[in-house]
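Below, each chain spelled out in residue letters.
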Amino acid sequence: MMNDTIFTKQRLINLSLIITAIWFTWFAQVTFDDYTVRIINNVCIFIILAVSYNLINGVTGQLSLEPNGFVAVGAYITAILTLDADTMLYQFYLEDPSEWVLALQADFAWALLFSGIISALLALTLSFPVFRVRGDYLAIVTLGFGFIIKILAINNPQITNGSLGLNDIPEFSNLYWTGGIAIFAVVAILNVIYSKYGRAMKAVRDDEDAATAMGVNTFKTKTLAFSTSAFFEGVGGGLLAALLTSISPDLFTFLLTFQLLIIIILGGLGSTTGAILGTIFVMAGLEWMRFLDEPMNIFGFQTEGTPGMRMVVFSLILIIVMLFAREGLMGKKELFDLKIFKRKKGNK
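Keep in mind it's a predicted model, so treat the numbers as computed, not measured.

Visitor: Before we go on, may I ask you to explain the packing of aromatic side chains in this structure?
Guide: Two measures describe an aromatic ring pair: the distance that separates the ring centres and the angle between the ring planes. Evaluated as defined, the whole model comprises 15 aromatic pairs. Centre to centre, the rings of Phe-254 and Phe-258 are 6.2 Å apart; their planes meet at 35°, and the pair counts as tilted. Here Phe-254 and its partner Phe-258 are both found in helix H13 (residues 254-267), four residues apart, which amounts to about one turn of the helix. Given a relative accessible area of 28%, Phe-254 falls into the partly exposed group. In this structure Phe-258 comes out as partly exposed when scored by relative accessible area, which is 41%. Ring-pair connections join several aromatic residues into one group, and the members of that group are Trp-23, Phe-24, Phe-27 and Phe-32. Sitting above the plane of the Tyr-194 ring, Lys-202 keeps its charged end 5.3 Å from the centroid.

Right, here's the structure in full:
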């Protein structure tokens, strides 16, 4: 009876959080100014990327450095599918676009879905060579994948317009798209984490050899996490392309992966709630601190603007947070983890 009560309360809390997130998405879209809405759009996209990256890196414990590659794949697929033929012919200067590229057309929703599916299939293919190694070797192999995607984008101008990139991408991304998909991504990934597959992922993270000895198919488990993560990274890349309306290979460097790595470590490896909080702290916080780069009047003293000062202050804040919160803001815990009720039950 007690377990049923705890389960019901947890479901009610989860449902209330989802309803609150949906309400905020609608409220922000119709109330806030364009600048604020754009920041929230960016935060929502990075929430999708962070929680999906946390699934393979934090929950499954595989040091993968590939997100920039899958984000690039998703961005280019969405851009190609949503750009009309006349616009593509106008901006392809290095080489004429391929006939099949001109023929590909799809609605935005289908473009996002294709971006995610192709990214997931690519991850499934990569999993066979990638998961033959572990640890630092795995990081190096996946890091190379990101470089390969960038080089392919530069050296295939008939598909991607090379180093010039793609411009005039239709701006479909709004809070209904980014916020709605972010909510869906969080719910979907949490359902994976709290399923039997999620327990297997955590077992692989804690001790892969012991998990194998207990009968866990570690390759299947890691491949599932890798493909699921890639799917949402591809969708996030598509949303990012539709928000920026312009992409190029330089946008998808290792710095994007490094940014996501900072976010999930700051929030707490293995915590989906931590990934969300880390995204808000990094993406929204950096925008809020832009005033530090401008001239300021501090107690009557006029200071000159110092470009880059916000990054100095932000770095100091990161150092302080990591010194006092070694496992990140949330560790491996979730905001809605009702362990307090389990303690009460134990005390009784």
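Visitor: Please clarify how a nonpolar patch on the surface should be interpreted in this entry.
Guide: On the surface, Trp-110, Leu-113, Phe-114, Ile-117, Ile-118, Leu-121, Leu-124, Phe-128 and Phe-219 cluster together into a nonpolar patch covering about 820 Å² of accessible area. For the nonpolar patch, the element with the highest residue contribution is helix H6 (residues 108-130), accounting for eight residues. Relative accessible area serves as the criterion here: at 34%, Leu-113 is assigned to the partly exposed category.

Visitor: Quick question: what am I supposed to make of the packing of helix H2 (residues 34-59) against H13 here?
Guide: Packed helices, taken two at a time, are described by the angle between their axes plus the distance between the axes. Taken N-terminus to C-terminus, the directions of H2 and H13 make an angle of 75°; their axes are 9 Å apart at the nearest point. Between H2 and H13, the angle is such that the two are roughly perpendicular. Side by side, H2 and H13 meet where Phe-46, Leu-49, Ala-50, Tyr-53, Asn-54 and Asn-57 of the first sit next to Leu-256, Thr-257, Gln-259, Leu-260, Leu-261, Ile-263 and Ile-264 of the second. Residue composition of the contact of H2 with H13, grouped by class: nine nonpolar, four polar and no charged.

Visitor: What am I meant to see in H13 here?
Guide: Each α-helix turn comprises 3.6 residues. Residues three or four places apart therefore point the same way. Look at H13: 20 Å from first C-alpha to last across 14 residues, which is about the 20 Å you get at 1.5 Å a residue. Of all the residues in H13, the buried ones are Leu-256, Thr-257, Leu-260, Leu-261, Ile-263, Ile-264, Leu-266 and Gly-267. In this structure, the buried side of H13 is in contact with H2, helix H3 (67-82), helix H14 (272-288) and helix H15 (309-324).

Visitor: Can you help me understand unusual backbone geometry in this one?
Guide: Most peptide bonds adopt trans geometry, and most residues besides glycine take a negative phi value. Despite not being glycine, Asp-168 has its phi angle at roughly 55°, a positive value. For Asp-168, the position within the fold is in the loop between helix H8 (157-160) and helix H9 (175-193). The exposed category is assigned to Asp-168, whose relative accessible area is 52%.

Visitor: Help me out: how do you make sense of the nonpolar core in this one?
Guide: The tendency in soluble globular proteins is for nonpolar side chains to be buried as a group. Ranked by internal contacts, the top residues of the largest apolar core, which has 82 residues, are Leu-166, Leu-239, Ile-247 and Phe-252. Of the residues forming this core, the biggest block, 16 residues, is contributed by H2. The contact partners of Phe-252, leaving out residues within four places of it in the chain, are Asn-68, Val-71, Ala-72, Ala-75, Tyr-76 and Ile-247.

Visitor: Is there a simple way to explain the pattern of salt bridges in this structure?
Guide: A side chain of one charge can pair with a side chain of the opposite charge when the charged atoms of the two come close. With the rule as written, the count across this model stands at seven salt bridges. Two residues, Lys-150 and Asp-250, come together in a salt bridge whose shortest N-O distance is 3.8 Å. Here Lys-150 is found in helix H7 (residues 135-154), whereas its partner Asp-250 is found in the loop between helix H12 (218-244) and H13, with 100 residues between them in sequence. Residue classification places Lys-150 among the partly exposed positions, given a relative accessible area of 24%. Accessibility expressed as a relative area gives 55% for Asp-250, which makes it exposed. Its salt-bridge partner being Arg-290, residue Glu-287 comes within 2.8 Å of it at the nearest N-O pair. Judged by relative accessible area, Arg-290 falls into the partly exposed class, the value being 36%. Connected through shared salt-bridge partners, Arg-134, Glu-208, Asp-209 and Lys-222 make up one network.

Visitor: How do you make sense of the environment of Leu-251 when you look at a structure like this?
Guide: Counting through the fold element by element, Leu-251 comes out in the loop between H12 and H13. As a C-alpha pair, Leu-251 and Ala-182 span 69 residues in sequence and 21 Å in three-dimensional space. Setting aside residues up to four positions removed in sequence, Leu-251 forms contacts with Leu-244, Ser-246 and Leu-256.

Visitor: What is the right way to look at the environment of Val-192 in this model?
Guide: One can find Val-192 in helix H9. Residues Val-192 and Ala-85 lie 107 residues apart in sequence; the distance between their C-alpha atoms is 40 Å. Contact partners of Val-192, with chain neighbours within four places excluded, come to Leu-55, Tyr-197, Gly-198 and Met-201.

Visitor: Would you explain H14 in this entry?
Guide: With 17 residues, H14 extends 23 Å between its outermost C-alpha atoms, agreeing within 8% with the 24 Å of an ideal straight helix rising 1.5 Å per residue. Within H14, the full set of buried residues consists of Thr-272, Thr-273, Gly-274, Ala-275, Gly-278, Thr-279, Val-282, Met-283, Gly-285 and Leu-286. Elements that come into contact with the buried residues of H14 comprise H2, H9, H13 and H15. The N-cap of H14, judged by a side-chain oxygen 2.9 Å from the amide nitrogen of Gly-274 a few residues on, is Ser-271.

Calculation rules
Residues numbered from 1 in each chain as written. Predicted model: local features only at pLDDT ≥ 70, side-chain atom pairs only at ≥ 80, totals over all residues. Heavy atoms only, no water. Phe/Tyr/Trp six-rings, centres within 6.5 Å; stacked < 30°, edge-to-face > 60°. Helix = DSSP H or I, 4+ residues; strand = E, 2+ residues; numbered from the N terminus. Buried < 20%, exposed > 50% of the residue type's maximum accessible area, 1.4 Å probe, protein only. Lys NZ or Arg CZ within 6 Å of the ring centre and 35° of its normal. Patch = residues over 30% accessible without salt bridge, like charges linked within 9 Å, V, L, I, M, F, W, Y side chains within 5 Å. Areas by Shrake-Rupley, 256 points an atom, 1.4 Å probe, with all protein chains shown as cover. Salt bridge = Lys/Arg side-chain N within 4 Å of Asp/Glu carboxyl O. Axes fitted to C-alpha atoms, helices over the stretch in contact; angles between N-to-C directions. Parallel < 35°, antiparallel > 145°, perpendicular 65-115°, else oblique. Contact = heavy atoms within 4.5 Å. Nonpolar A, V, L, I, M, F, W, Y, C, P; charged D, E, K, R; others polar. Expected span 1.5 Å × (residues − 1). Core = buried A, V, L, I, M, F, W, Y, C linked by side-chain atoms within 4.5 Å. Polar contact = N/O pair within 3.5 Å; in protein donor to acceptor, adjacent residues only side chain to side chain.

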